[in-house]
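# Observations on the three-dimensional arrangement
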Amino acid sequence: MSLKACMIIGKANVGKTLFAINFADYLQVTRLEIEFTPPGEKTHCRSLSRKEALQELTGTTPHQTLGLQCIQIQMPGLKGKKRFSLMDTSGLTEGIPDETNIRRAMAQTLAEVREAAIILHMIDASSHGKSGAIEAMGQVDWQVAQFGGMRKGYAVLANKMDLPEAAAGLRQIREELPGHLVLPISALHKTGFAEVKQFVWRHL
Ligand SMILES: Nc1nc2c(ncn2[C@@H]2O[C@H](COP(=O)(O)OP(=O)(O)OP(=O)(O)O)[C@@H](O)[C@H]2O)c(=O)[nH]1
Ligand SMILES: [Mg+2]
């Protein structure tokens, strides 16, 4: 039986990969055994230290991740351990991207959504609040929320809460997505992780 998947989904550059690496670290994974599945290709495994993973897999340019990257996790809790696969995915864009590789990776991400036991929908709260004026939430985030909201294991992660613009962004996200669980976090500083862990634990 394959492990239940906890999928991290969201637009490019919101911090999905940094979160996956740092959340694994928070859950006491010392070395990352990552299964890489580029779209249309076979899965291959690599073993990386946290430092190597941060250097190689995260970055400031959008679309750094172009495929599925699964980290197997044994989550320690009060009542023993629970195993699951933490699935990092390729970033989504508004509209259909021109580049074939990004298009294929996005299709691969969307195909996985149905299978996932848990969906962590990440939004960059700092860029969400930047405009000052009420800027309508993009179509992509809106649609992910509509789909995700029909299921139990769905939560929004409002990321980059360490940045000054993020407080306004968080308020805006909560206004735009009423009725959804929104957890504020900083993937960089590992804040809000206890709440995310609790949510994941409950839905496995
Ligand atoms: N200040 C701050 N920066 C962050 C945080 N999370 C991510 N970043 C930065 O945002 C950038 C993108 O992070 P990634 O984790 O590569 O983003 P991603 O969502 O995986 O991006 P794609 O793979 O391109 O879709 C990097 O420069 C990170 O250091 C955060 O909580 N706070
Ligand atoms: Mg990434």
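To start, this report covers the structure provided alongside it. (Residues numbered from 1 in each chain as written. Chains lettered and ligands numbered in written order. Predicted model: local features only at pLDDT ≥ 70, side-chain atom pairs only at ≥ 80, totals over all residues. Heavy atoms only, no water.)

Taken together, eight strands build an open sheet; the order of strands is β3-β2-β4-β5-β1-β6-β7-β8 and the sheet is mixed. On the outer flanks of this sheet lie β3 (44–48) and β8 (182–184), each paired with one strand and no other. Between one strand axis and the next, the sheet turns by 30° as a mean value, whatever way the strands run. As judged from the four bridges shared by strand β1 (residues 5–10) and strand β5 (residues 80–88), these two strands associate in the parallel manner. Residue pairing across strands places alanine 5 opposite serine 85, the latter belonging to β5. Helix α6 (residues 166–176) rests against β6 (118–124), β7 (154–159) and β8 of the sheet, and its axis sits at about 170° to β8. (Pairing = 2+ DSSP bridges. Helix = DSSP H or I, 4+ residues; strand = E, 2+ residues; numbered from the N terminus. Axes fitted to C-alpha atoms, helices over the stretch in contact; angles between N-to-C directions. Contact = heavy atoms within 4.5 Å.)

The immediate surroundings of ligand 1 are formed by 22 residues, with Lys16, Leu18, His63, Thr65 and Asp162 found nearest. Between ligand 1 and the protein, one listed contact pairs an oxygen atom with a backbone N or O atom of glycine 15 at 2.9 Å. In the model, an oxygen atom of ligand 1 is placed 2.9 Å from a nitrogen or oxygen of the alanine 187 main chain. Coverage of ligand 1 by the protein amounts to 90% of the 650 Å² it exposes when considered alone. In terms of residue count, helix α1 (residues 16–26) provides more of the shell around ligand 1 than any other element does, three residues in total. Looking at the shell around ligand 1 residue by residue, the class counts come to seven nonpolar, 12 polar and three charged. (Near = heavy atom within 4 Å. Polar contact = N/O pair within 3.5 Å; in protein donor to acceptor, adjacent residues only side chain to side chain. Areas by Shrake-Rupley, 256 points an atom, 1.4 Å probe, with all protein chains shown as cover. Nonpolar A, V, L, I, M, F, W, Y, C, P; charged D, E, K, R; others polar.)

That is the geometry; function is a separate question.
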